[in-house]
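# Per-entry structural report
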Amino acid sequence: MTPNKVVEISHLSYHYPDGTPALRDIHLEVYQHESIAILGPNGAGKSTLLYHLNGTLMGEGEVIILGIPVEKNNLKEIRRRVGLVFQSPEDQLFCPTVFDDVAFGPLNMGLDEEEVRRRVTKALETMGLRGFEGRSAHHLSEGEKKRVALATVLSMDSEILALDEPTDNLDPAGSRLLIERIRSIPQTKIIVTHHLSVAVDLCERAVLLDEGRKIEDLSMRDLLRGRTLLARFGFDADYAQWMYSRSKG
Amino acid sequence: MKHSFLDHHSHTESPIHHLDARAKIIVFFTFILIGVSSPPTSFFLFGLLAIALIGIALFARLPLVHLLRKVLVVLPFLLIVAISIPFMKKDGVGGGYNLGLGSLSISRSGLWVLWNVVIKSCLGVFSIILLSSTTTFPQLIKGMEKLGSPKIFTMLASFMYRYSFILIDEVYRMKRARDSRSFGGRWLWQTEVIGHMIGTLFLRSYHRGERVYLAMLSRGYQGTMPETTASRLGLGEIVFLCFAPLFLFLRITFA
Ligand SMILES: Nc1ncnc2c1ncn2[C@@H]1O[C@H](COP(=O)(O)OP(=O)(O)O)[C@@H](O)[C@H]1O
Ligand SMILES: [Mg+2]
């Protein structure tokens, strides 16, 4: 049985309104239950690519999610299938309480009260945030904010999760905890990061972007062995080598 | 950074804190209405109101001294307005101060007006402080919404609450950045810097607004905030709500 294609991007290009070219002729396919890392330097277009997955931005070319083309008329469908977590939890969390934020998606989907409560409880539990319902976002630590941000899309039960730098701004312990939680989520995951270790821990495939172009699309293991490629993206090849040997044995 | 300047003490644990916000809003606003609408001579009613408020404060495990100090902070502003009233002559229709040396007259009715303003504002301010010290801001907003306050108003209030903290943090960060690079330059230069800071703050808030809107769209926002789920009124709320008819009754019989 061939695995299902859940994301199909072809010939995707995007210019910001001020003329900045951010994506150039991108092709990408993602299969069900895959976990892929999008790596690249600042300004490579990683976030811009992510925004195209749920129609937050729409460029030239084609983006198809679970067989549905991303178009104005399909946005409602698309957005319940792709859970997008923005980089800054301050943007993601806009409600007075954690409960309201996690319930926002399910309520917009028109689910009944009991189901909303069930989903909020489950999403918070998955992120290790039991009992946080009544807290306000500004009373949380950075790590807790990041986990609540993830919970706000988990509660929507989307088939695809798109995370923009989930461990950004976190201390090592906070990162560790978040990575464990993300790993426990079975959905298809597309994760933007610039930490090689995060990519290795969470993903089996890597897509490398630079200046809006897809430079490489390869398995994590091949990336860890590709010294020249690693050097081009500023990753420490020795560290990669070490991680590679660790993953082997 | 952590702030809780809007609802200090509202996270204390007590039976009053656990009551539904609607019950508290109704009772405290009834207190205010009754206080304000009573004639200044209704000492008995004022006394009862004060006892009720202090009782609730004690029951809510709030530090009384702290609450009274908060009331006192508001009072001077009212006093500045009210202090001139006794100098007004009772029958001078258009007002008219008599500030001639030696003939400074204080009218009896003016004193009554002052007493009226002071006692009513004290009770009113105390009620509001009790409400905000026993109810978190989110609960307050939700309570108002369930009591029929227009959605657009509660939505704006909730965004203001959420983002005021972030804005304040941003101001502090910019202030620190400025202070670490400026060496007390000329006044004119300082104003220029402040101007830039205001501009930057506006731009950042504007971009923040855009990103928040995108985050809302991403989770299926279609122009209306989803209905928040209802909660029911329990025994505690009903008992607490009894304050409202009780004091209405007292108001009608004693004042
Ligand atoms: N709102 C915007 N307006 C104009 N240009 C933008 C905007 N957002 C990003 N860009 C530009 O688009 C390019 C890609 O940005 P982005 O996708 O955010 O990169 P990354 O997430 O990989 O760091 C960069 O050159 C960036 O400066
Ligand atoms: Mg980015």
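What you are looking at is a predicted structure, and each value in this text was computed from that prediction instead of being measured. (Residues numbered from 1 in each chain as written. Chains lettered and ligands numbered in written order. Predicted model: local features only at pLDDT ≥ 70, side-chain atom pairs only at ≥ 80, totals over all residues. Heavy atoms only, no water.)

### So, the overall build of chain A
Basically, it comes down to this: In this description a helix means any DSSP run of H or I spanning at least four residues, a strand means any run of E spanning at least two, and both kinds are numbered starting from the N terminus. Contact criterion: two residues are considered in contact whenever any of their non-hydrogen atoms come within 4.5 Å of each other. For accessible areas, the Shrake-Rupley method is used with a probe of radius 1.4 Å. Any residue's cover is judged against the shown protein chains and nothing else.
From N to C terminus, chain A includes 11 helices and 10 strands. On the principal axes, the C-alpha backbone points of chain A span a range of 55 × 45 × 40 Å. Excluding contacts between residues fewer than 6 apart, the proportion of contacts in chain A whose partners are at least 24 apart in sequence is 63%. When the accessible surface of chain A is summed, it comes to about 10600 Å², and 48% of that surface belongs to carbon and sulfur atoms.

### Regarding the site of ligand 1
Residues and elements named next belong to chain A. Rule in force here: When at least one non-hydrogen atom of a residue lies within 4 Å of a molecule or strand, that residue is treated as near it. Distance and chemistry together define a polar contact, namely a pair of N or O atoms within 3.5 Å, with one atom able to donate a hydrogen and the other to accept it when in protein, and with adjacent residues in sequence counting only for side-chain atoms on both sides. In this count, Pro and Cys sit with the nonpolar residues alongside Ala, Val, Leu, Ile, Met, Phe, Trp and Tyr, while Asp, Glu, Lys and Arg are called charged and the others, Gly among them, polar.
Close to ligand 1 lie Tyr-16, Asp-18, Thr-20, Ala-22, Pro-41, Asn-42, Gly-43, Ala-44, Gly-45, Lys-46, Ser-47 and Thr-48, which account for all nearby residues. Gly-45 places a main-chain nitrogen or oxygen 3.0 Å from an oxygen atom of ligand 1. Measuring from an oxygen atom of ligand 1, one finds a side-chain N or O atom of Ser-47 at 2.7 Å. In terms of residue count, the dominant contributor to the shell around ligand 1 is helix α1 (residues 46-53) (three residues). The residue inventory of the shell around ligand 1, partitioned by class, reads four nonpolar, six polar and two charged.

### As for the interface of chain A and chain B
Operational definition: A quick way to say it: buried area is the sum, across both parts, of accessible area lost when two parts are put together, with a 1.4 Å probe. Here a salt bridge means any side-chain nitrogen of Lys or Arg lying within 4 Å of a carboxyl oxygen belonging to Asp or Glu.
Between chain A and chain B, the contact holds 31 residues from the first and 33 residues from the second. Here chain A packs against chain B, burying approximately 2800 Å² in sum over the two surfaces, 56% of which is carbon and sulfur. Among the residues chain A hides against chain B, the three largest losses belong to Asp-91, Phe-94 and His-138 of chain A. Together they make up 25% of the total. Remark: the boundary between chain A and chain B carries five salt bridges. For Asp-100 of chain A, the salt bridge identified is with Lys-142 of chain B, shortest N-O distance 3.0 Å. The interface formed by chain A and chain B includes 12 residue pairs in polar contact (both at pLDDT 80 or more). The set of elements that each furnish at least two residues to the side of chain A that touches chain B consists of α2 (75-81), α3 (89-92), α4 (98-108) and α5 (113-126) of chain A. In terms of residue count, the dominant contributor to the side of chain A that touches chain B is α4 of chain A (seven residues). Grouping the amino acids of the side of chain A that touches chain B by side-chain chemistry returns 12 nonpolar, 11 polar and eight charged.

### Here's the deal with the confidence of the model for chain B
In low-pLDDT regions, the fine details of the predicted coordinates are not to be read closely. Residues and elements named next belong to chain B. Defined as follows: The score called pLDDT rates the predictor's confidence residue by residue, from a low of 0 to a high of 100.
Mean pLDDT over chain B works out to 81, with 81% of the residues at or above the 70 mark. Below a pLDDT of 50 lies the segment residues 91-97, which in the model reaches six contacts outside its immediate sequence neighbourhood of four places, other chains included. Note on the complex model: pTM 0.78, ipTM 0.88.

### Considerations on the packing of α4 of chain A against α5 of chain A
Residues and elements named next belong to chain A. Worth spelling out the cut-off: Whenever a helix is involved, its axis is fitted only over the stretch in contact; in every case the axis is a line through C-alpha atoms, and angles between N-to-C directions fall within 0 to 180 degrees. Roughly parallel covers angles under 35 degrees, roughly antiparallel covers those over 145, roughly perpendicular covers 65 to 115, and oblique covers all other angles. Put simply, a crossing is left-handed when the front helix is turned counterclockwise from the back one by less than a right angle, and right-handed when it is turned clockwise.
At a closest axis distance of 9 Å, the pairing of α4 and α5 adopts a crossing angle of 120°. Considering their axes alone, α4 and α5 lie oblique with respect to each other. In this structure, α4 crosses over α5, and the sense of that crossing is right-handed. Residues Val-98, Phe-99, Val-102, Ala-103, Pro-106 and Leu-107 of α4 form the contact with α5, whose own contacting residues are Val-116, Arg-117, Val-120, Ala-123 and Leu-124. Considering only residue class, the contact of α4 with α5 consists of 10 nonpolar, no polar and one charged.

### Considerations on the sheet that holds strand β9 (residues 205-210) of chain A
All names here are of chain A. Operational definition: For two strands to be treated as a pair, DSSP must find no fewer than two bridges joining them.
On the basis of which strands lie adjacent, the open sheet formed by six strands has the order β6-β7-β8-β3-β9-β10 and mixed pairing. Pairing within the sheet leaves two strands with one partner each, and these edge strands are β6 (82-85) and β10 (213-219). On average, adjacent strands in this sheet sit at an angle of 15° to one another, irrespective of strand direction. Note: β6 against strand β7 (residues 160-164), four bridges, orientation parallel. Bridge assignment links Val-85 to a residue of β7, and that residue is Leu-163. Its contacts with the sheet place helix α6 (residues 142-154) against β6 and β7, and it is angled at close to 165° to β6.

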